[in-house]
Amino acid sequence: MSSSSLAALPEVQLRPDTPPILHVDAPADASRWAAQNREALRARVTEHGALLVRGLKLRDADQTAALFTGLAGDLMTEREAFAPRQSYGSGLYSSSTWPTNQPMCMHHELSYRLETPGLMLFACLTAPGQGGATAVADAERVLQALPATLSERFEREGWLLTRSYNDEIGASLEESFGTDDHDAVERYCRAQGIDFAWQSDGSLHTRQRRSAVVRHPLTGRRCWFNQIAFLNEWTLAPEVREYLVDVYGEDGLPFNTRFGDGSPIGEDVVRVINATYDEHTRREPWQSGDLMLVDNVRSAHSREAYTGEREVLVAMAEPQRLADSCPTSEASQR
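Residues numbered from 1 in each chain as written. Predicted model: local features only at pLDDT ≥ 70, side-chain atom pairs only at ≥ 80, totals over all residues. Heavy atoms only, no water.

A look at the overall build of the protein chain
Our working rule: The secondary structure listing takes helices from DSSP runs of H or I that are at least 4 residues long and strands from runs of E that are at least 2 residues long, numbered from the N terminus. Any residue under 20% of the maximum accessible area for its type is buried, any over 50% is exposed, and the rest in between are partly exposed; the area is computed with a 1.4 Å probe on protein chains only. Throughout, a residue-residue contact means that at least one pair of heavy atoms, one from each residue, lies within 4.5 Å. The Shrake-Rupley method, run with a 1.4 Å probe, gives the accessible areas here. Residue values count only the displayed protein chains as cover.
A tally of regular secondary structure across the protein chain gives ten helices and 19 strands. Oriented by its inertia axes, the alpha-carbon framework of the protein chain measures out at about 60 × 40 × 35 Å. Counting all 334 residues of the protein chain, 54% fall into the buried class. Of all intrachain contacts in the protein chain linking residues separated by at least 6 positions in sequence, the fraction that spans at least 24 positions is 80%. Surface exposure of the protein chain reaches about 14800 Å², of which carbon and sulfur atoms provide 45%.

Observations concerning the sheet that holds strand β5 (residues 104-107)
Applied cut-off: Strand pairing requires that DSSP identify at least two bridges connecting the strands.
The four strands are arranged β5-β17-β8-β15 in an open sheet whose pairing can be described as antiparallel. Each edge of the open sheet carries a strand with a single partner, namely β5 and β15 (281-282). Bridging between strand β8 (residues 136-138) and β15 involves two bridges; their strand directions are antiparallel. Within β15, the position partnered with alanine 137 by the bridge is threonine 281.

Describing the pairing of strand β9 (residues 159-165)
Counting buried residues in β9 gives seven out of seven residues, a clear majority hidden from the surface. Here β9 shows no split at all, with Trp159, Leu161, Arg163 and Tyr165 on one side and Leu160, Thr162 and Ser164 on the other all buried. Pairing of β9 with strand β11 (residues 204-210) involves seven bridges; the strand directions are antiparallel. In the strand pairing of β11, arginine 163 is matched with threonine 206.

Quick look at the side chain of serine 94
As a reminder of what qualifies: Polar contacts, as used here, are pairs of N or O atoms within 3.5 Å; protein pairs need one atom able to donate a hydrogen and one able to accept it. Residues neighboring in sequence count only if both atoms are side-chain atoms.
The residue serine 94 is located in strand β4 (residues 92-94) in this model. Of the polar contacts made by the side chain of serine 94, one reaches the backbone nitrogen of glutamine 86; its length is 2.8 Å. Non-local contacts of serine 94, meaning those with residues more than four positions away in its chain, are made with Arg85, Gln86, Tyr88, Val312, Leu313 and Val314.

Notes on the side chain of serine 203
Relative to the helices and strands, serine 203 is located in the loop between β10 (195-198) and β11. A polar contact of 2.7 Å, which involves the side chain of serine 203, links it to the side chain of aspartate 201. For serine 203, the contacting residues outside a window of four places in its chain are Tyr165, Ala197 and Trp198.

What to know about the pattern of salt bridges
In a structure, side chains of opposite charge can pair up when their charged atoms sit close to one another. Threshold: For this analysis, a salt bridge means a side-chain nitrogen from Lys or Arg found within 4 Å of a carboxyl oxygen belonging to Asp or Glu.
Using the criterion set out here, one finds 18 salt bridges in the structure. The residue glutamate 157 makes a salt bridge to arginine 153 at a minimum N-O spacing of 3.2 Å. Taken together, the residues glutamate 157 and arginine 153, both in helix α6 (residues 148-157) and four residues apart, mark about one turn of the helix. Taking relative accessible area as the criterion, arginine 153 reaches 23% and is therefore assigned partly exposed. Notably, a salt bridge pairs glutamate 250 with arginine 241, separated by 3.5 Å at the nearest N-O pair. Owing to a relative accessible area of 43%, glutamate 250 belongs among the partly exposed residues under this scheme. Given a relative accessible area of 14%, arginine 241 falls into the buried group. Here the salt bridges do not stand alone but share partners, grouping Arg15, Arg54, Glu284 and Asp290 into one network.

Brief notes about unusual backbone geometry
Positive phi outside glycine occurs at glutamate 80, with the angle close to 65°. Positionally, glutamate 80 belongs in the loop between α4 (61-72) and β3 (87-89). You can call glutamate 80 buried: its relative accessible area is 1%. For glutamate 318, which is not glycine, the phi torsion reads 50° and is therefore positive. By the element assignment, glutamate 318 lies in strand β19 (residues 311-320). Its relative accessible area of 22% is what places glutamate 318 among the partly exposed residues.

As structure tokens, then:
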């Protein structure tokens, strides 16, 4: 694409506490507009880590799917989901099912997979009454702001995700792996470096070690890239954690995280990580019709608690198999 077409978009609005915002006039053909401006928009996402596009007036799933495909090409099929989603076909999904009064703290989507999305796409069809923003945080700055002793330990050891699949909490086997056939699930786990064990009640328990710090595939800059705090027991609301521990036990929680050597992560560590995210959070309330593009390695994202109806469609694209997605230190191999 020529430099003139790269400059055809308006200037991005930059403010300290909000994601970069691009105001545009609604095109007659959203998918054509997306394809024409694909390189320009992607360049701005690479520059800023995230971009909120306002004025597109997105209204429905078909229009959103066409725009997402025009922007990103083929969309990814989600695997290893932690919570159910409604599928609209061809890689277009609803937001994860999560209680509206509980926030989803900062995380990088599917950072526990060997192949992770490089780009997240969000479209708000119906804005909530209050709250519900998809906020972002710069992963480079978060890494720099974390206590060095903590980030260095995670960089050496990585982090460990444990999951227990059941039919009551979180995503089911079929929702997570695309099948409930045990042989197929085992083949997937072996291919993806996931340790697994079937329990006496037929449920599945898995463990997978991943890196907490990676280099961005384009810039080479080091980024804090994980879901250590989000999927940890201490991020849950106290009453939810107490209920889950009472029903499933400490080792049977639907998901939990540990240090790479298997040691428990204390509440104090989770508090420090989430506080650091809070210091670097940028948010802008959704307006119906908004589009948001997020560099999934450069930027973490969250979903804040909300009231009223909220319909945000999601897609994942530009799969990345990061060279340093698995820790390789001696500590991580024990």
